[in-house]
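Take a look at the letters that make up each chain.
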Amino acid sequence: MPTEAKRIVIKGFDPLKSKQRQEKYYNVMIQQLDIALQVIMAGLGLKTGYQELYSGIENLTKANQAYRCFTLLQNHFTSGIQLLTDACLASISHKTDEVNACSIVVRHWKQWMERVETVQNVFYYMDKTFLAKSPEFPTVGDFALSLFRDELLSTKTIQVPFLNDVLKLYEEIHSGKQIDRGCLQEAMLILHRVQYYGLVFMPMYLCFLDQFYQSQSEDRIKTVSMNEYLLYVQQSLDYELLVIKEFDLVRHQKDILETLQNRLIQSHLPMLVNGIRKFVCDRDLDSCKRLYSLLHLTSETSELVQPWSNCLTEIGFELVNDEKDEDVLVPNMLSLHTFLQTVIEKAFSNDEALSYAMRKSFETFINGGSGKRREAPAKSIAKYIDYLLRYGEQVTKGTPLLEIFETLLDIFRYVASKDVFEAFYKRDIAKRLLLNKSASSQNERLLLEMLKKTCGSQFTHALEGMFRDINLSKEFSSSFQQSKLSKNLHRDLYVNVLSQAYWPAYPEGHVRLPEDMQEDIQQFEKFYLAKQTSKQIRWLPSLGHCLVKARFPLGNKELSISLFQACVLLKFNGCAPGEGLTYRDLQKATELSEADLTRTLQSLSCVRVRPLVMVPKGKVPKPETKFYVNEKFTDKLYRIKINQIYLKDERQESEEVQEQVVQDRQFELQAAVVRIMKQNERLSHDQLVEKTIEISKDRGVPEISDIKSTIEKLLNKEYLERQDGNEYVYVP
Amino acid sequence: MKPDTRTLTREFSKLTNTPSKTALSWLKQYDFDIDLACLHWAEKESKAEAEKRIHQLFDQFRSFEDANIIDFDGSAKLFETLGVSFEDPETLLISYLLESPNMGEFEREKFVHGCSTLCVTNLSDLKNVVDQKITLWKSDRTLQKAVYIYSYPLACDKGKKTLGTGVAIELLQVLLKSLFLLLDHWVNFLQSSPIIDRSLPRDTWNELWDFSVYTESSPDCSDYDFEGAWPTLIDEFVVYYRKHVLNIPEQ
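Residues numbered from 1 in each chain as written. Chains lettered and ligands numbered in written order. Predicted model: local features only at pLDDT ≥ 70, side-chain atom pairs only at ≥ 80, totals over all residues. Heavy atoms only, no water.

Going by the annotation in an unreviewed UniProt entry, the name recorded for chain B is Defective in cullin neddylation protein, with Schizosaccharomyces osmophilus given as the source organism. Within the UniProt record for chain B, the comment given under Function (unreviewed entry) is "Neddylation of cullins play an essential role in the regulation of SCF-type complexes activity." (UniProt positions renumbered as here; feature names shortened; annotations may be inferred.)

Chain A appears in an unreviewed UniProt entry as Cullin 4 from Schizosaccharomyces osmophilus. Here is the UniProt Sequence similarities (unreviewed entry) comment for chain A, exactly as written: "Belongs to the cullin family."

Structure below.
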């Protein structure tokens, strides 16, 4: 059974009194807060009563009295900040130049934050519950910050010195001076917290950086060398990154770096890219790398292409047109090429445009030598290869021959007149093979293979033929040795049989051989023709050489000499002691031409090694000039080589080779034009020129004027006819 | 033979005074259309007649040694009769018209062919036509070019195919007198070039005409194409001209 509700009475509880008590409590609390705030704001700190105040706030907040507290807070804060502002102003206006306004503001900021923190702790409950949740009321922290910004910092007489001095500190850092880093860091903190950083500070900072680096870079670029300047730029950029990190500027890192790049790099772009020339000349790989990476930052690497191309072409032309020292052309080109490859690979990260520009430059200057120098690279490369193949690895200073060949062929690809190279190479290889001057036949073959790959088998066709001839000659000689015909030989005989088609043309020369020699070569001829019935043999005495044993009073010697020289010397066997032979005698006996006999005698009596004596002494012997065996002949070596004097010196011979090439080219051109016209019957002028160039370019790009004169010749010979409309017609 | 064929043949034969075999073959050619056949016969007759007369004309001037040639003296007489002196340039025109193989010489066959083309059978006709052509020659470009081109082989020595540069220059000064603006410079150029001792190639002679036309529109040769089909001698001339006459610095 439910009991009746009883009325519960609490004794001593009087709602009205309770309310009065509450009111009284609140007022007391407010008063205490008032005092506390005053104390705090005066900078005296809160020593006691913290707990009470804290609970008071809690209670007031719970009792919806928060707004009263906040009003209180507001008032005190406002007066507090005013106090600080005045103090700050006073300090700033009384400061000396050494004192930084920045430090003053920082000091006052610290004071303010200290006080605010204390208040925050006291008002903690209200802050976190009431203020945080009410949109009309700011939190204590926010309020404090806004006051600091709007009252203290917005005072022009504080703000301006503050910002200026902040910038001054930055300037000092950038100039390498020591500063109070802590102060600056605090200042940055302030700027961030009051939100001056982005809108107010950063534009000023960027402006400062811009001016600073403008004047710095302009100074430096005038006074220091380019590679030092690049180092300076690199260092400045690196340093700025450190500054950014240390002073919390990371949000604007991109803008800052862009400003620097603009002033340091982009403003001086022409000067910077033109510095590439010195770097290449000095072979300065590091500077090239630095330059490229700096340009890469601002994506301006394409600005480098033109100066790069120009300087390479210039340097190349200088090399090619240098007439004085022919021998260094190829080694210089090799080292330049190797260096440039390294630069492109390591410094330019294989940049496509720069790599292409380099190749174009090479092509331009290698083929662009002026006048006579035009064919110099082709000639010099051939000569250099001859040098390498004669002496082998001992002259390469450790670099493997294969590597050098590869670089050489890389360069050779740029050369347009490959037929000039071929002519010289052919002449040189013939000499090497015939005179056995090659250091290693393996190297010869190696290079031949590489040439075949680079230039095609047509190019190396004749050269391979030469090798075949030499090998065949070896086989032939050994089978000759084994045959019975060789039993009749008077002395050792080795014959090189050359196919006329492959070898350069040599003058035959004529000499009357001693009887026994004649018999010997006839035996060989008999043997050869028996084996190769359809062939004909022509002897080239001008190319022959002998090893002759000589008994001189002062010692026996072996002389390694040419066939002509040998024939002349052997004639002296028929002389009595003290007897000599006149020029006329020798001419009759040897049947040598005047030119040949003269230079042979000169080579035996007028140069370093003199087995003969000329009487009377002179340069050019006359018919009556007499020659005697040199009784006093001696030499430190046992086997002595005596060189034949050649009619033409190196330069003349080179010119002849080149003239031959030019003539060959004309024939080739005529043949090419006729071939093209036969195929096409009717072509316009431009088409004919185009096709001719296409056909010929592998051996050498013909000049249009040469093609035109070829066409004219063919018109005159009536192979071609002109037709209306600029056409040519083939006349069969 | 069909009756009508026989009749036609007889008729034709009577009309044309030819044997029946000839009449038959002639009629066959024109499908036994007797009118057409007669027409063509008349033409041929007149042609033959004309040719006969031209031959007679030729005979008036022919040489004693060779009946098929009008030699130097004959030519002189011919030119005189036509009212032209040997030194006049009009002799070139006449030589061209009458297909003379060399200067001062005419060949029978060619002469007859030339006259036929001009439709002249006697001397007075020839004189009229020649006068007309002389007038025409002064203004008609096609005729001028034809005579110009023809003059090269005309002026060559007998049996030769090329013309010495000296002679060529004389001819040019006659033929291109008011037509080629740069003629004097061209002559100077030739005289200072090694080609003066050799012969001027025919192709160059021919192309020179086109070049003279070109220089009318471009007297400073500013747009001359060195890589074009012009003969190399003309290329050299343009270089010479630009350098020494116009004094344009070389590029």
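Peer 1: How should the pairing of strand S5 (residues 626–629) of chain A be read in this particular structure?
Peer 2: Regular strands show a simple pattern: their side chains alternate between the two faces of the sheet. Residue and element names in this part refer to chain A. As paired strands, strand S3 (residues 581–582) and S5 are joined by 2 bridges and run antiparallel to one another. Among the inter-strand pairings, Thr582 is bridged to a residue of S5, identified as Lys626. Note: strand S4 (residues 612–615) against S5, 4 bridges, orientation antiparallel. Note that in S5 the partner of Met614 across the bridge is Phe627. (Pairing = 2+ DSSP bridges. Helix = DSSP H or I, 4+ residues; strand = E, 2+ residues; numbered from the N terminus.)

Peer 1: Looking at this structure, I do not really get a nonpolar patch on the surface. What am I missing?
Peer 2: A cluster of nonpolar residues, A:Ile8, A:Ile10 and A:Phe13, forms a patch on the protein surface that exposes about 390 Å² of accessible area. Among the residues examined, A:Ile8 registers a relative accessible area of 77% and is labelled exposed. (Patch = residues over 30% accessible without salt bridge, like charges linked within 9 Å, V, L, I, M, F, W, Y side chains within 5 Å. Areas by Shrake-Rupley, 256 points an atom, 1.4 Å probe, with all protein chains shown as cover. Salt bridge = Lys/Arg side-chain N within 4 Å of Asp/Glu carboxyl O. Buried < 20%, exposed > 50% of the residue type's maximum accessible area, 1.4 Å probe, protein only.)

Peer 1: Help me understand empty space enclosed by the protein, please; the structure alone is not making it clear to me.
Peer 2: A probe as big as a water molecule, rolled over the atoms, marks out the empty space that is left. Scanning the model with the defined rule gives 1 cavity of 30 Å³ or more in all. Its boundaries defined by the atoms lining it, the largest cavity holds a volume of some 50 Å³. What lines the largest cavity is A:His685, A:Lys708, A:Ile711, A:Glu712, A:Leu715, A:Arg722, A:Tyr728, B:Ala229, B:Trp230, B:Pro231 and B:Thr232. At 4 residues, helix H29 (residues 704–716) of chain A tops the list of elements feeding residues into the lining of the largest cavity. Across the lining of the largest cavity, the residue classes break down as 6 nonpolar, 2 polar and 3 charged. (1 Å grid on protein atoms, 1.4 Å probe; cavity = no way out; pocket = protein on both sides within 12 Å on 5 of 7 lines; lining within 4 Å. Points joined across faces, edges and corners; volume = space filled by probe spheres on them. Nonpolar A, V, L, I, M, F, W, Y, C, P; charged D, E, K, R; others polar.)

Peer 1: Explain the interface of chain A and chain B to me, please; I cannot follow it from the model alone.
Peer 2: Facing the 12 residues of chain A at the interface are 14 residues of chain B. Of the roughly 970 Å² buried at the junction of chain A and chain B (both faces included), carbon and sulfur atoms supply 42%. Inspection of the region where chain A meets chain B yields 4 salt bridges. A salt bridge links B:Asp235 to A:Lys708; its shortest N-O distance comes to 2.5 Å. In this structure, the connection of chain A to chain B is made through 12 residue pairs in polar contact (both at pLDDT 80 or more). (Contact = heavy atoms within 4.5 Å. Buried area = accessible area lost by both parts, 1.4 Å probe. Polar contact = N/O pair within 3.5 Å; in protein donor to acceptor, adjacent residues only side chain to side chain.)

Peer 1: Explain the sheet that holds S4(A) to me, please; I cannot follow it from the model alone.
Peer 2: Two strands in a sheet stick together by hydrogen bonds in their backbones, pointing the same way (parallel) or opposite ways (antiparallel). Read across the sheet, 3 strands follow the order S3-S5-S4 (chain A) without closing on themselves; strand pairing throughout is antiparallel. Only two strands of the sheet have a single partner each, and these edge strands are S3 and S4 of chain A.

Peer 1: How should a negative patch on the surface be read in this particular structure?
Peer 2: There is a patch of like negative charges on the surface, built from A:Asp686, A:Glu690, B:Asp220, B:Asp223, B:Asp225 and B:Glu227. Looking at where B:Asp220 falls in the secondary structure, it is placed in the loop between helix H11 (202–217) and helix H12 (232–245). You can call B:Asp220 partly exposed: its relative accessible area is 33%. (Lys, Arg positive; Asp, Glu negative; His and termini not counted. Charge placed at Lys NZ, Arg CZ, Asp CG, Glu CD.)

Peer 1: Would you mind going over the packing of aromatic side chains with me for this structure?
Peer 2: The relative placement of two aromatic rings is captured by the distance of their centres and the angle of their planes. Tallied over the entire structure, the rule returns 60 aromatic pairs over all chains. Arranged with centres 5.3 Å apart and planes meeting at 45°, the rings of A:Phe130 and A:Phe137 form a pair that is tilted. An aromatic cluster is defined as three or more aromatic residues linked by ring pairs; in this entry it consists of B:Phe180, B:Trp186, B:Phe189, B:Phe211, B:Tyr214, B:Tyr224, B:Phe226, B:Trp230, B:Phe237, B:Tyr240 and B:Tyr241. In this arrangement the basic side chain of A:Arg220 is found over the ring face of A:Tyr232, its NZ or CZ atom lying 4.1 Å from the centre. We note A:Arg445 situated over the ring of A:Phe467; from NZ or CZ to the ring centre the distance is 4.7 Å. (Phe/Tyr/Trp six-rings, centres within 6.5 Å; stacked < 30°, edge-to-face > 60°. Lys NZ or Arg CZ within 6 Å of the ring centre and 35° of its normal.)

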